[in-house]
Each structure stands twice: as structure tokens, then as C-alpha cells.
Amino acid sequence: MEPIADTGGPRQAGALTVLGLETSCDETAAAVVRLHEGGRADVLSDVVRAQVAEHAPYGGVVPEIAARAHAEVLDGVTRAAMDRAGMAWAQLDGIAATAGPGLVGGVMVGLMTGKAIALAAGKPFIAVNHLEGHALSPRLAGPCPFPYLLLLVSGGHTQFLAVEDVGRARRFGSTIDDAAGEAFDKTAKIMGLGFPGGPALERAAEGGDAKRFPLPVPFAGAKHCDFSFAGLKTAARRAWEQMAAPTDQDRADLAASVQSAIAAALADRSANAMRAFTETLPEDADRRFVIAGGVAANSAVRARLGDTAAAHGFALIAPPLRWCTDNAAMIALAGAERLRRGAIDDLAAPARPRWPLDAASAAASPAMGSGRKGPKA
Ligand code: KG4
Ligand code: ZN
């Protein structure tokens, strides 16, 4: 993560109330969060409108459709967030919007709206990195002191971050091709399970035999913290296509096998990340392992990661599901934390389709960049 730039904004004491906007993928979201001194956060409102129906016919997120849908509903979603929080513009201390990474058309809708509100209300504007939102999301639910190890595992990202402070995170590893959520989504699509694929595949896997199809667990046993899911998807496709007339049981068995292989890959690499992170801590320090992102909603994944955490002396922290997936409360919180530190942005802040949190390690291993070329890059 880039160090917090001193943009000349005054450091602010007392409770700060911030409106956050999120439009970087296929959720249009607005939330009002009050950050107290000491770090406690109250979510005063949290509105998310998902674009499932708009993208379902295409089996994936279509950027142009997403941008148009954000533009159509963001005003109403923002109004709802302000009303539910019982807030008037004048009562806000700042307005935060996701400025990237993500689908640039959608990001621009949220960014322009946030800037317009800030300008009209005469309030500071904060451009938030979506990944920083995810990184801070466990702090919406309760105390989660720095530092902690975070596995962000969503449709766009699969990476480990050592979150040391607001504005300070180090990446320990990430995917070299697909994100874990994409592996769920793409195999679900191959198997005709519908969109969004992750939850559909989890449902299909119920009652399935996870041992029936031996699928590769990419990099199993490797010492590093990187992932690869492209081979797994190809193997699943082959297994599916080899069945002339797959029955419901065949489908359940393959879904369970895919889910188990993804969970195993996440657990194997999490063990490495926990070892590496532990080396950076004082001996008697508490060890916290946070999982965030849509894939963290998967029960098989949660169970495997819970076992891995316990085996390495880590407490597993899984934020409530609504803050695991894309939401604006995490953007408002990141905005408030930055505002507290005087890190405000001017109205020329650009939309950034790619924006690594840890620029140093992304530059050091560009092949391990944000990994994804698709809609949630
Ligand atoms: O965090 P998120 O809402 O959006 C971003 O990608 O930023 O994550 C969405 C991803 C999708 O790939 C979706 O299929 C996956 O999370 N997902 C799941 C489950 N729920 C959502 N994957 C597996 N099992 C689930 N229950
Ligand atoms: Zn996200």
C-alpha cells in the first residue's frame, strides 16, 4: 500500500461521519459510517443493490451494462443510505468513493458522483482503493487491531496482505492467473449451474463426493504464497466433457471435487503465509487471520481455513457476509480513517482501473500482478 500522502488536509479529531460509494464491479452501494476515536466504527446505513438480473443472460459481468446500471441507480441508492442514516449533507465530515481498481466505467460513475456531492456540500473528498476497503473491512464488525494477515479471496482477487496500519499493507503472494472466485464462476458456467457461479456451485456440491474426481491442487506443497487456478478449471472442463450424459450425482460429485480442490489450494498456501507472517511478529504476539471477499462465504473454504488457522495458532476472523462481499461500508470506513489522518484528495483524483495496494511488491514481481484480466481486475 502506498504510504499516506500528506495532501495538506488537517488531521481531524472526534467522531467522523463519512458517506462511502462503491461502483467498481457489479454492486451499486452507498453507506454512512461513523468512525470514533480509538477505531470503533458504527455503520449507520449500508445499502447494496446487486446487478444479478442485468448480467445473468451473459453468464458474467458485462462492463458497459454495469456502468449504465450504476449510473441509473446510484442516486437512489445514495438517497436511501442518507435517509436510513437520518443524515443531511451538512452533517457529513467527508465523502469517499472507490477510485479503483475495477471496471473503469463503473468506477467513474461513483467517483464523479462522490466528487459532485463533495463539491456541492463543501466537504472533503477521499478517493479510496477498493482493496484497502476490503483490507479494513473486519474493523467494521468489531475490534481487529493491526497487524493482521488477510486473505482477500473474491471474483477479482486472491492475495495475502499483511495489514500493518491504515495505508500500510504488504503483499505476501497472489494469483498468477485466475482469482479463486473466477475458478468457481468459470467451472459453474461449464457445468451449466447459472450465475453467479460460486453460490450455485456450493449448492450443487451438497451431497457430492469430493474424492471422486482427482483434480490438481496447483502448487501443492510449494513454499511460496502464490496461486494458480487456470489448470484446475481446464481439468474440471475435461472431466465434465468426458461424461456423455451427466446425472445429478455426477454434477454434485464434480462440484464437490472442484470446491474441495480450491479450498485445499487456499489452505495450503495460507499455511505458508501464516509461517511468513509469524516471522514478522514478536514471539508472544496475538496472531489474527482474516478472510474477506465473496469466496469467504463458502462453507467448505471457511472450514478448511479454520482448521489451518487453528493448526498455526491463529484466530480466524471472518467478517459478516455482507461485509465480506463488495459493499460501501468498507469504503466509508477507509475514507474516514484517511480523513482522520488528513489524507484527502482533490477533485482531479483519477479513476484507476489497476491500482495495486502494495506497489512495491507488485513492481518487484509484475508477473504476479493483480492477476486478472477480466471484469474485476
Ligand atoms: O467480493 P465479491 O462480492 O466481489 C468481488 O469479486 O470483488 O466476490 C464475488 C465472488 C464471485 O466470484 C462469486 O462466485 C464468489 O465470490 N462467491 C462464492 C460464494 N459466494 C460468492 N464462491 C464460492 N462459494 C460461495 N458461497
Ligand atoms: Zn471486492
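All of these numbers come straight from a predicted model, not from anything done at the bench.

Visitor: What is the right way to look at the overall build of the chain in this model?
Guide: Secondary structure assignment for the chain yields 13 helices and ten strands. Computed over the C-alpha atoms, the radius of gyration of the chain is 20 Å, within 12% of the 21 Å expected from 2.2 N^0.38 for a compact globule of 377 residues. The buried share of the chain, taken over its 377 residues, is 55%. Restricting to contacts in the chain with at least 6 residues of sequence separation, those with at least 24 account for 75%. Counting 38 positive and 40 negative side-chain charges, the chain places the centres of these two groups 1 Å from one another.

Visitor: What is the right way to look at helix H3 (residues 104-121) in this model?
Guide: A turn of α-helix holds 3.6 residues, and therefore any two residues three or four places apart point the same way. Over its 18 residues, H3 runs 25 Å from end to end, which matches the ideal 26 Å to within 8%, given 1.5 Å per residue. Listed as buried for H3 are Gly106, Val107, Val109, Gly110, Leu111, Thr113, Gly114, Lys115, Ile117 and Ala118. In the stretch just after H3, glycine 122 is the one whose phi turns positive, near 65°.

Visitor: It is not clear to me how the sheet that holds strand E9 (residues 288-292) should be interpreted in this structure. Could you clarify?
Guide: To summarise the sheet geometry, strands pair through backbone hydrogen bonds and adopt either a parallel or an antiparallel arrangement. Pairing is mixed in the open sheet, where five strands are placed in the order E8-E7-E6-E9-E10. If you trace the sheet from one side to the other, it starts and ends with strand E8 (168-174) and strand E10 (315-317), each paired once. With direction set aside, neighbouring strand axes in the sheet form an average angle of 25°. Relative to E8, strand E7 (residues 158-165) runs antiparallel, the two being bridged by six bridges.

Visitor: When you look at unusual backbone geometry in this model, what are you seeing that I'm missing?
Guide: Of all residues except glycine, most have a negative phi; of all peptide bonds, most are trans. Residue proline 101 follows glycine 100 across a cis peptide bond; omega there is -10°. Tracing the sequence through the fold places proline 101 in the loop between strand E4 (94-100) and H3. For the bond from phenylalanine 146 to proline 147, the omega torsion is -5°, close enough to zero to count as cis. Position of proline 147 among the secondary structure elements: in the loop between helix H5 (138-141) and strand E6 (148-153).

Visitor: Would you mind showing me how to read the packing of aromatic side chains here?
Guide: Within a pair of aromatic rings, the relevant descriptors are the distance that separates the centres and the angle that separates the planes. Going through the model one piece at a time under the given rule, you end up with five aromatic pairs. Judged by centre distance (5.8 Å) and plane angle (15°), the rings of phenylalanine 146 and tyrosine 148 are stacked. Looking at phenylalanine 146, the relative accessible area reads 22%, which means it is partly exposed. Both rings, one in phenylalanine 277 and one in phenylalanine 314, keep their centres 6.2 Å apart while their planes meet at 45°; by these two values the pair is tilted. Here the residue phenylalanine 277 occupies a position in helix H9 (residues 248-279), and phenylalanine 314 occupies one in the loop between helix H10 (299-311) and E10, the gap between them amounting to 37 residues. Classification of phenylalanine 314 by relative accessible area gives buried; the value is 6%. Taken together, the ring pairs connect Phe160, Phe227 and Phe229 into an aromatic cluster. Positioned above the aromatic ring of tryptophan 323, the side-chain terminus of arginine 322 is 4.2 Å from the ring centre.

Visitor: Sorry, what's going on with the confidence of the model for the chain here?
Guide: Detailed reading of the predicted coordinates is not advisable wherever pLDDT falls low. Here the chain averages 92 in pLDDT, while 94% of its residues score no lower than 70. Counting contacts from residues 366-377, a segment whose pLDDT is below 50, to residues more than four positions away or on other chains yields 33 contacts.

Visitor: Help me understand the sheet that holds strand E3 (residues 41-50), please; the structure alone is not making it clear to me.
Guide: One open sheet holds the five strands; their spatial order is E3-E2-E1-E4-E5, and the pairing between them is mixed. Looking along the sheet, the strands with just one partner apiece sit at the ends: E3 and strand E5 (125-129). With strand direction ignored, the average angle separating the axes of adjacent strands in the sheet is 20°. Note: strand E2 (residues 27-35) against E3, nine bridges, orientation antiparallel. The residue of E3 that forms the bridge with alanine 29 is valine 48. Running at roughly 135° to strand E1 (residues 16-22), helix H12 (residues 329-340) makes contact with E1, E2, E3, E4 and E5 of the sheet.

Conventions adopted
Every residue gets a number counted from 1 within its own chain, in the order that chain's sequence is written. Chains and ligands are labelled sequentially in the order written, the chains with letters from A and the ligands with numbers from 1. Totals for whole chains, interfaces and linings use every residue, but because this is a predicted model, local features are given only for residues with pLDDT of at least 70 and side-chain atom pairs only at 80 or more, for both listing and counting. With hydrogens and water stripped out, all remaining heavy atoms of the structure feed into the side-chain values. Strands are runs of DSSP state E lasting at least two residues, helices are runs of H or I lasting at least four, and both sets are numbered from the N terminus onward. The quantity called the radius of gyration is restricted to C-alpha atoms. Its globule counterpart is 2.2 Å times the number of residues to the power 0.38. For each residue, the accessible area found with a 1.4 Å probe, counting protein chains only, is set against the maximum for its type, and the residue is called buried under 20%, exposed over 50%, and partly exposed in between. Any two residues whose heavy atoms approach within 4.5 Å are treated as being in contact. By the counting rule applied here, Lys and Arg register as positive and Asp and Glu as negative, while His and the ends of each chain are not counted. Charged side chains are reduced to one point each, which is NZ for Lys, CZ for Arg, CG for Asp and CD for Glu. Residue count minus one, scaled by 1.5 Å, sets the expected span of a helix. Here, any two strands with at least 2 DSSP bridges between them count as paired. The convention used is that axes are lines fitted to C-alpha atoms, helices contributing only their stretch in contact, and that angles between N-to-C directions extend from 0 to 180 degrees. Stacked, tilted and edge-to-face are the three classes assigned to paired rings of Phe, Tyr and Trp, where Trp is represented by its six-membered ring and a pair needs centres within 6.5 Å; plane angles under 30 degrees give stacked, over 60 edge-to-face, the rest tilted. For a lysine, the NZ atom is tested; for an arginine, the CZ atom; a charge sits over a ring if that atom is within 6 Å of the ring centre and within 35 degrees of the ring normal. Across the chain, each position has a pLDDT score giving the predictor's confidence in that residue, from 0 to 100.

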